[in-house]
Amino acid sequence: MWLLVIVLLVAPAGISRVTVLNSFASYEECKPERDRIGFAMAESYPQESNFRIECALQEQKPLLQLIRFERAAPRSFIPKTVSE
């Protein structure tokens, strides 16, 4: 399994130095996403060079776990009208 990770060269307190962003079956699947995210980060943060986006092979039992943030079911928004 290939992991797409962000490696913080200078990690703030309380934040893991290596964070798994996604997982892929092959390097060929991981590379385009690595390039896309890497170029977007470089464009968004041109003065920051304290991170790397990498595809890392993980052959043994997973040491790093993918963290998924799931939102609750979408709520319908019904604006309230002001009564006079």
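Residues numbered from 1 in each chain as written. Predicted model: local features only at pLDDT ≥ 70, side-chain atom pairs only at ≥ 80, totals over all residues. Heavy atoms only, no water.

### Quick notes on the environment of I6
Threshold: Starting at the N terminus, helices and strands are each numbered in turn, a helix being any DSSP run of H or I of at least four residues and a strand any DSSP run of E of at least two. Under the scheme applied here, a residue whose accessible area is under 20% of the maximum for its type counts as buried, over 50% as exposed, and between as partly exposed, the area being computed with a 1.4 Å probe on protein chains only. Note on definitions: a residue-residue contact is assigned when non-hydrogen atoms from the two residues lie within 4.5 Å.
Considering the arrangement of structural elements, one finds I6 in strand β1 (residues 2-8). The buried category is assigned to I6, whose relative accessible area is 15%. In this structure, the C-alpha to C-alpha distance between I6 and F51, residues 45 residues apart in sequence, is 6.7 Å. Look past the residues within four positions of I6 in its chain and what remains in contact with it is R17, V18, T19, L21, M41, F51, R52 and I53.

### Considering the confidence of the model for the protein chain
As a reminder, the rule being used: On a range of 0 to 100, pLDDT expresses the predictor's confidence in each residue.
The predicted model of the protein chain has a mean per-residue pLDDT of 79, with 70% of residues at 70 or higher. Least confident of the elements in the protein chain is β1, whose mean pLDDT is 88; most confident is helix α1 (residues 27-44), at 93.

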